[in-house]
Amino acid sequence: MDALDIARWQFGIITVYHFIFVPLTIGLSFLVAGMQTAWVRTGDERYLRMTKFWGKLFLINFAMGVVTGIVQEFQFGMNWSDYSRFVGDIFGAPLAIEGLLAFFLESTFLGLWIFGWDRLPKRLHLATIWVAAIGTVLSAYFILAANSWMQHPVGYTVNEATGRAELKDFGAVLTNSTAIGAFAHTITACFVTAGVFVVGISAWQLRRKRADSDVDTVFRPSMKMALVTVLVASIGVVVTGDLQARLMTEQQPMKMAAAEALWDTTSPASFSLFTIGTLDGSAEVWSLRVPGVLSFMATGHWDGAVEGINDVQAAEEKAYGPGEYRPNIPVTYWTFRAMVGFGLLMALLSLVGLWVVRRARIPRWFTVAAIVSLTLPTLANSVGWIFTEMGRQPWAVFGLMTTADGVSPTVPAGTVLTSLIVFTVLYGVLAVVDGLLMYRYAKAGPPEPAPPESDVDTEQPTPVFAY
């Protein structure tokens, strides 16, 4: 393996690892804010206990996301210096705003929320968690705007003298149709992620409760709220995913063709649930297909024509010169199906859960399914990003710079490999620490209810004079 291959592996590992924490942070921040709002409005102490329990898990996850996110940005300059030089003028603005405005907004108000209990007025303290939650969304938007520029460059010119892309219209970068579509899809996926997280832990706590335990008062409403969140957000994921498929077909037709392993232009085009065949598409042994679905995803019409890999390859050779413009077809094909499949399983979990939660006791089979489902959001989010980024290959910036042209030319493969090993070991240790902390605080359960207030002073009066 050369420096390019190792640098790509490192970027992929760090990106996927970092994105394990991001969706849970965003979604859980809003669920916690909603629980605290319910407490402030009703005065019902169970909502306060819910807020403090889920708030602890949210803070652990937030801290891990910050640590891994710092490394994510530093590797641009280390392994991808030519890429950084080319896109620096474009990326500088959204990433600077994300760091100076959004991140400091969320971190500052999160600090006020952590240390403001019993120090700030209730409503003011509630406002701090809402501002922090909004900050997480703003961070996501600015980062997605930068990433979407790689997928669909807008608002720029290329300076031939310096060989750099220069920003001409920042508004166009922020309102990029790809950014809007990616943001909507990502945020709805964040709510699904947080909802499944709450469902899994709530089901576990309800199943293991002791006879003298009052966990029902905390975890049953938590589960109901989370199940509704997962169901509504899953519908949002489907709708926004449909929007993204149309944009992808228009802006990156090769990625859509690779998602289906469609080698020749077809009308109408079916969607294969499962296919066995050769990697070059020369032979298909067996396939389970749904007629017209790919045409609808790509064009909005059941009989629409979808360009095949061979035709798109010929068009891109004509536009950009000789070369290989096809991504890794097996990876794009199966990650696309895995993303959709995991998403459907989470939607099914919410439907079944809303029926099950009506019972006095949660069935064992649902508890097992809910705990196992804790892995589904991570898997769905990870394969979704793998599909998005690997489906764009060989482009680092679509139509402007290939991935091979973006790698640092003076960093040897040994150096990159060393950093890859160090980061992998470090992240493995962090994963163990994060898992143990999550398990410890999840097992501990919610805080005990506050003792009832009494008008009778139980303390012994202190005498003024001693005899």
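Above this text is the structure in question.
All of these numbers come straight from a predicted model, not from anything done at the bench.

**Q** How should the nonpolar core be read in this particular structure?
**A** Side chains of nonpolar character tend, in soluble globular proteins, to be buried together. Judged by nonpolar contacts, the single largest core of 52 residues is most densely connected at L28, W54, L57, F197, M223 and F366. In contact with L28, not counting residues within four places along its chain, are W54, L57, F58, A194, F197 and V198. One finds I6, A7, F76 and V407 within the second-largest nonpolar core, a separate group that totals 23 residues.

**Q** What is the right way to look at helix α15 (residues 413-444) in this model?
**A** Residues lying three or four places apart along an α-helix face the same way, a consequence of the helix completing one turn every 3.6 residues. Here α15 contains 32 residues, and its C-alpha end-to-end distance of 46 Å stays within 8% of the 46 Å for a straight helix at 1.5 Å per residue. For α15, the complete set of buried residues consists of V416, S419, L420, F423, Y427, L430, D434, M438 and A442. As for α15, its buried residues are in contact with α1 (3-42), α2 (45-79) and α6 (177-208).

**Q** Please explain a nonpolar patch on the surface as it appears in this structure.
**A** On the surface, L273, F274, I276, V285, W286, L288, V290 and W334 cluster together into a nonpolar patch covering about 740 Å² of accessible area. Of all the elements in the fold, those that place two or more residues in the nonpolar patch are β3 (271-277) and β4 (284-290). The dominant element in the nonpolar patch, judged by the number of residues it contributes, is β4, at four residues. The topology assignment puts W334 in helix α11 (residues 329-356).

**Q** Looking at this structure, how should I read unusual backbone geometry?
**A** In most cases, non-glycine residues show a negative phi, while peptide bonds are predominantly trans. The omega angle of the peptide bond from S267 to P268 is -10°, so this bond is cis rather than trans. Relative to the helices and strands, P268 resides in the loop between α8 (253-260) and β3. The peptide bond linking Q393 to P394 adopts the cis configuration, its omega dihedral lying at 15°. With respect to the helices and strands, the residue P394 is situated in the loop between α13 (375-390) and β5 (395-397). Phi is positive for D118, close to 65°, though the residue is something other than glycine. Position of D118 relative to the elements: it lies in the loop between α3 (81-115) and α4 (122-151). Residue A261 is not a glycine yet carries a positive backbone phi of 55°. With respect to the element layout, A261 can be found in the loop between α8 and β3. Residue A261 is classed as partly exposed on the basis of its relative accessible area of 25%.

What counts as what
- For every chain, the first residue of its written sequence is number 1, and the numbers climb from 1 along that sequence.
- Only residues with pLDDT of at least 70 get local features here, since the model is predicted, and only at 80 or more are side-chain atom pairs given and counted; chain-wide, interface and lining totals rely on the full set of residues.
- Computation of side-chain values: all heavy atoms of the structure, hydrogens and water removed.
- To form a nonpolar core, buried Ala, Val, Leu, Ile, Met, Phe, Trp, Tyr and Cys residues must be joined to one another through side-chain atoms within 4.5 Å.
- Burial classes: relative accessible area under 20% of the type maximum marks a residue as buried, over 50% as exposed, and values in between as partly exposed (1.4 Å probe, protein chains only).
- For this analysis, residues touch if any pair of their heavy atoms sits within 4.5 Å.
- Strands here are runs of E lasting at least two residues and helices are runs of H or I lasting at least four, both read from the DSSP assignment and numbered beginning at the N terminus.
- A helix's residues, less one, multiplied by 1.5 Å, set its expected span.
- Patches were defined on residues exceeding 30% relative accessible area and lacking a salt bridge, with like-charge contacts within 9 Å and nonpolar side-chain contacts (Val, Leu, Ile, Met, Phe, Trp, Tyr) within 5 Å.
- Method for areas: the Shrake-Rupley scheme with a 1.4 Å probe, in which residue coverage is limited to the protein chains shown.
- Basic side-chain nitrogens of Lys or Arg form a salt bridge, by our definition, when they fall within 4 Å of a carboxyl oxygen of Asp or Glu.

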